[in-house]
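Here is how the chains run, residue by residue.
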Amino acid sequence: MIRLRLAELRLAALLLTRVPAGPPLAEPVPPLSAASWAYPVVGACLGALAWAVVAGAMALGLPPWPAALLALAAVMLATGGLHEDGLADYADAAGAGGPPERRLQIMRDSRIGAHGALALVTVTGLRWSALATLAARADAPLFWAIIGALALSRAAMAILQQITPPARADGLGQSASRPGLPRAVVAALLALVPIVPLGFAPALTAAALAALVTGLLAWHARATVGGQTGDVLGATGQLVEAAVLMGLAAALSAPLHHLD
């Protein structure tokens, strides 16, 4: 049982990052959907990486803004920009108009359009500014805020897989779809663990924003492309992360350091 859970955790790391996760998985390899419970664990590890970069950079004398940008760059390097690419592709498809079939075709185009570029710049800017604001707050529990935001954003992907049908008969969205309610619940519960130390109001804010954005994206994905795909999941992670970081930046009020 433990060996199977570890295999699923490694599979989640392989799906969500570009970090080497050891030797090839032994047969029988778990189905992709079985790894969904571990998404927030991978997210928490990415959050720990972001926190370490922010804390280390600020300890060396960097202000919060460049320290936060370095942290985002470290996470993008670890993930290979997978989720940013999904956000851009989904934004291009959503902004194009037309039937779901045409939008799905646009999502498979590797070129980035105006909608994708705008979404990528805007959401990355929101993540950067919120992270820098949290880093600048003297008494903010930065460690738990960053880990919680990234864990919630990855749990949202697992929940979206459960509540939204796949839009295609092939691809990641189909092979990882409908992991089962127990796995989705475990993912949600694991994502709630790191936000508990933030206190009742900030934790409630983070959880509510994650649930709201996930629900809106589930509705929007059904309406525009007919369901979820790998790109929709990537966009979900990015948008939930941005929303939670902004919510925590607002909720965790404390004296500010100078931002310059």
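Since the model is a prediction, treat every value here as computed from it, not as a measurement.

### So, the overall build of the protein
Consideration 1: Secondary structure assignment for the protein yields 11 helices and 0 strands.
Consideration 2: In the protein, the succession of α and β elements from N to C terminus is α-α-α-α-α-α-α-α-α-α-α.
Consideration 3: Expected size for 260 residues packed as a compact globule is a radius of gyration near 18 Å; at 18 Å, the protein falls within 12% of this value.
Consideration 4: When its C-alpha atoms are laid out on the principal axes, the protein stretches across 50 × 45 × 35 Å.
Consideration 5: With 260 residues in all, the protein has 47% of them scored as buried.

### Here we look at the packing of helix H2 (residues 39-59) against helix H7 (residues 142-163)
Consideration 1: At their nearest, the axes of H2 and H7 sit 7 Å apart, and the two run at 150° to each other. Taken together, H2 and H7 sit at an angle that is classed as roughly antiparallel. By crossing handedness, the relation of H2 to H7 is classed as right-handed. Note on element contacts: H7 touches H2 through Leu142, Phe143, Ile146, Ile147, Leu150, Ala151, Arg154, Ala155, Met157, Ala158 and Gln161, opposite Tyr39, Pro40, Gly43, Ala44, Leu46, Gly47, Ala48, Ala50, Trp51 and Val54.

### Quick notes on the side chain of Ser36
Consideration 1: Within the fold, Ser36 resides in the loop between helix H1 (2-16) and H2.
Consideration 2: Within the local environment of Ser36, its side chain forms a polar contact with the backbone oxygen of Ser33, the two atoms lying 3.0 Å apart.

### Details of empty space enclosed by the protein
Consideration 1: Throughout the structure, instances matching the rule amount to 1 cavity of 30 Å³ or more.
Consideration 2: The calculated volume of the largest cavity comes to roughly 50 Å³.
Consideration 3: Taken together, Ala50, Leu72, Val75, Arg127, Leu131, Ile146, Leu150, Glu241 and Leu245 make up the lining of the largest cavity.
Consideration 4: Put simply, the parts of the chain that give the lining of the largest cavity at least two residues each are helix H3 (64-79), helix H6 (114-136), H7 and helix H11 (230-251).
Consideration 5: Classifying every residue of the lining of the largest cavity gives 7 nonpolar, no polar and 2 charged.

### Re a nonpolar patch on the surface
Consideration 1: Residues Leu181, Val185, Leu189 and Leu192 make up a contiguous nonpolar surface patch of about 350 Å² in total accessible area.
Consideration 2: Considering the arrangement of structural elements, one finds Val185 in helix H9 (residues 181-192).
Consideration 3: Residue classification places Val185 among the partly exposed residues on the basis of a relative accessible area of 38%.

### Details of helix H4 (residues 82-96)
Consideration 1: Look at H4: 21 Å from first C-alpha to last across 15 residues, which is about the 21 Å you get at 1.5 Å a residue.
Consideration 2: Phi turns positive, to about 80°, at Gly97, one or two residues after H4.

### Remarks on the nonpolar core
Consideration 1: Counting residues in each nonpolar core, the largest one holds 67 residues, and the members touching the most others are Tyr90, Leu131, Leu134, Leu152, Val225, Val244 and Leu248.
Consideration 2: Not counting residues up to four positions away in its chain, the partners in contact with Val225 are Tyr90, Pro100, Arg103, Leu104, Met107, Ala167 and Val232.

Quick notes on the rules
Residues numbered from 1 in each chain as written. Predicted model: local features only at pLDDT ≥ 70, side-chain atom pairs only at ≥ 80, totals over all residues. Heavy atoms only, no water. Helix = DSSP H or I, 4+ residues; strand = E, 2+ residues; numbered from the N terminus. Rg over C-alpha atoms; globule rule 2.2 N^0.38 Å. Buried < 20%, exposed > 50% of the residue type's maximum accessible area, 1.4 Å probe, protein only. Axes fitted to C-alpha atoms, helices over the stretch in contact; angles between N-to-C directions. Parallel < 35°, antiparallel > 145°, perpendicular 65-115°, else oblique. Left-handed = near helix turned anticlockwise from the far one by under 90°. Contact = heavy atoms within 4.5 Å. Polar contact = N/O pair within 3.5 Å; in protein donor to acceptor, adjacent residues only side chain to side chain. 1 Å grid on protein atoms, 1.4 Å probe; cavity = no way out; pocket = protein on both sides within 12 Å on 5 of 7 lines; lining within 4 Å. Points joined across faces, edges and corners; volume = space filled by probe spheres on them. Nonpolar A, V, L, I, M, F, W, Y, C, P; charged D, E, K, R; others polar. Patch = residues over 30% accessible without salt bridge, like charges linked within 9 Å, V, L, I, M, F, W, Y side chains within 5 Å. Areas by Shrake-Rupley, 256 points an atom, 1.4 Å probe, with all protein chains shown as cover. Salt bridge = Lys/Arg side-chain N within 4 Å of Asp/Glu carboxyl O. Expected span 1.5 Å × (residues − 1). Core = buried A, V, L, I, M, F, W, Y, C linked by side-chain atoms within 4.5 Å.

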